[in-house]
Amino acid sequence: METIERPLSNLQLELLKAFSHQLDDKDLIELKGMLASFFAKKAIEAANEVWDKEGWNEEKVDELLNTKLRTPYNK
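Residues numbered from 1 in each chain as written. Predicted model: local features only at pLDDT ≥ 70, side-chain atom pairs only at ≥ 80, totals over all residues. Heavy atoms only, no water.

Colleague: Would you explain the overall build of the chain in this entry?
Modeller: Scanning the chain from terminus to terminus reveals 3 helices and 0 strands. Put simply, the chain runs from its N terminus to its C terminus through helices and strands in the order α-α-α. Its C-alpha atoms give the chain a radius of gyration of 20 Å, clearly above 11 Å, the size a compact globule of 75 residues would have. Within the span of the chain, comprising 75 residues, buried residues form 0% of the whole. As presented, the chain carries roughly 7,900 Å² of accessible surface, and 57% of it is formed by carbon and sulfur atoms. Each charge class in the chain was averaged separately, 11 positive and 15 negative side chains, and the resulting centres sit 5 Å apart. (Helix = DSSP H or I, 4+ residues; strand = E, 2+ residues; numbered from the N terminus. Rg over C-alpha atoms; globule rule 2.2 N^0.38 Å. Buried < 20%, exposed > 50% of the residue type's maximum accessible area, 1.4 Å probe, protein only. Areas by Shrake-Rupley, 256 points an atom, 1.4 Å probe, with all protein chains shown as cover. Lys, Arg positive; Asp, Glu negative; His and termini not counted. Charge placed at Lys NZ, Arg CZ, Asp CG, Glu CD.)

What follows is the structure in structure tokens.
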């Protein structure tokens, strides 16, 4: 079996500690919701930072929504 050479992150270590205890289904669902909320909040904060830094507005959003960025398929 191959050994992972890089250490676990601080988040991984904390999650391992948290999950070393048996949780009932209700608590597990609550914990998953808390983690989802935490990462959603961080994503929104990062998006807001880009919005402010780049000076975006509704016009820019409409432009992005109407831009086709897909790579064409080769036949």
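Colleague: Got a minute to help me understand a negative patch on the surface in this structure?
Modeller: A surface patch of negative charge is lined by Asp24, Asp25, Asp27 and Glu30. On the basis of relative accessible area, Glu30 is assigned to the partly exposed category, the value being 47%. (Patch = residues over 30% accessible without salt bridge, like charges linked within 9 Å, V, L, I, M, F, W, Y side chains within 5 Å. Salt bridge = Lys/Arg side-chain N within 4 Å of Asp/Glu carboxyl O.)

Colleague: I would appreciate a short explanation of the pattern of salt bridges in the present structure.
Modeller: Side chains carrying opposite charge are able to pair once their charged atoms draw close together. A complete count under the given rule lists 3 salt bridges for this structure. For Lys17, the salt bridge is made with Glu14, and the minimal N-O distance between the two is 3.2 Å. Note that Lys17 and Glu14 are positioned in helix H1 (residues 10–18) at a spacing of 3 residues, about one turn of the helix. Look at Lys17 and you get exposed, because its relative accessible area is 51%. Given the relative accessible area of 46%, Glu14 is considered partly exposed.

Colleague: Help me out: how do you make sense of a nonpolar patch on the surface in this one?
Modeller: A cluster of nonpolar side chains, namely Leu8, Leu13 and Leu16, defines an oily patch on the protein surface of about 270 Å² accessible area. Counting through the fold element by element, Leu13 comes out in helix H1. What makes Leu13 partly exposed here is its relative accessible area of 41%.

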